[in-house]
Amino acid sequence: DDRHLPVGMWIPMYGHTQSTGRTLSQVAASKPLKKNMWQKIIMSKVRNQARHLRSRGIDAIYLDHLANTVRSGDTANAEAQAASWYWKRLLPNQKFIRDRFGETPNQLLNYGYIILRSSVARALGLAGLYPLIGIHHKNQYNHFCLADDVMEPFRPSMDRHILRILDSNEFTEEQKVNISPEVKREIIHFLQSDIRMDDQLKPIQVAIQSMCSSLARCFEEASSAGL
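Model, not experiment: these values are computed from the prediction.

Asker: Just to check I follow, could you spell out the pairing of strand 2 (residues 200-203) for this structure?
Answerer: Both faces of the sheet carry side chains from a regular strand, because those side chains alternate between them. Where strand 1 (residues 194-197) and strand 2 come together, 4 bridges link them in antiparallel fashion. Across the sheet, D194 pairs through a bridge with P203, a residue of strand 2. Adjacent in sequence and paired antiparallel, strand 1 and strand 2 are bridged by 2 residues, among which D198 carries a positive phi angle near 55°.

Asker: What's the story with the nonpolar core in this structure? I'm lost.
Answerer: Nonpolar side chains in soluble globular proteins generally cluster together in the buried interior. Of all hydrophobic cores here, the largest spans 63 residues; its most connected members are L124 and L215. Here the element with the most residues in this core is helix 5 (residues 106-126); it accounts for 10 residues. What L215 contacts, discounting residues up to four positions off in sequence, is M37, L124, L129, I135, L146 and V150.

Asker: Looking at this structure, I do not really get the packing of aromatic side chains. What am I missing?
Answerer: Working definition: an aromatic ring pair is given by the centre-to-centre distance plus the angle between the planes. Scanning the model with the defined rule gives 3 aromatic pairs in all. Judged by centre distance (5.3 Å) and plane angle (35°), the rings of Y62 and W85 are tilted. Taken as a pair, Y62 in helix 3 (residues 61-68) and W85 in helix 4 (residues 78-90) lie far apart in primary sequence, 23 residues in all. We classify Y62 as partly exposed; its relative accessible area is 29%. On the basis of relative accessible area, W85 is assigned to the buried category, the value being 16%. For the ring pair Y86 and W87, a centre distance of 5.0 Å and an interplane angle of 70° mean the geometry is edge-to-face. Each member of the pair, Y86 together with W87, is buried. These aromatic residues form a ring-pair network of at least three members: Y86, W87 and F96. Above the plane of the ring of Y113 lies R155, whose end atom (NZ or CZ) is 4.4 Å from the centre.

The rules we used
- Residues numbered from 1 in each chain as written.
- Predicted model: local features only at pLDDT ≥ 70, side-chain atom pairs only at ≥ 80, totals over all residues.
- Heavy atoms only, no water.
- Pairing = 2+ DSSP bridges.
- Helix = DSSP H or I, 4+ residues; strand = E, 2+ residues; numbered from the N terminus.
- Core = buried A, V, L, I, M, F, W, Y, C linked by side-chain atoms within 4.5 Å.
- Buried < 20%, exposed > 50% of the residue type's maximum accessible area, 1.4 Å probe, protein only.
- Contact = heavy atoms within 4.5 Å.
- Phe/Tyr/Trp six-rings, centres within 6.5 Å; stacked < 30°, edge-to-face > 60°.
- Lys NZ or Arg CZ within 6 Å of the ring centre and 35° of its normal.

Right under this line is the structure:
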């Protein structure tokens, strides 16, 4: 668009030979299965938030505890509790509030999350899953509900990437609000960085593809077991 933000995504409908079967198993997934999946997603996200804080020398014992108490379906809304605690300690001097239309560095985070969301949506298509049908997110105007679910554990890694960019550069407020092409390129480099997954360092795109493939297998196994 006029701000150089992505406004569309190309998803391959024939990206996987078992797309039809996997989509059907996704549609047939039971509510308890989805609640269990969402629990694991939020546990992973909160643990990754804790890792990010510790990497910056910030105590994260509370988040470790919170991650271990996430209920099925996150009925106690541990995700929101973790987010409030996380951002207050990550950016304490700014009295930062994570808000789509909020103050800096919200603009940079927004762009980073768009890049992350696009990558997840593509990986879901390649795994034979339908991005519109979410596990937790449900919105008739959102064509990428499942992408919004799956990207959650990767958000703290994008947060870390954005803060590294801010730490290593001097930006005017104008540059932070109206993101320059150079900064956008730095943000996009996130997809070439490594992330720890299953006790191994993997390129972020490989980790995303692994998670999407694992999710597809979960749907298939649950469908075969009648769950």
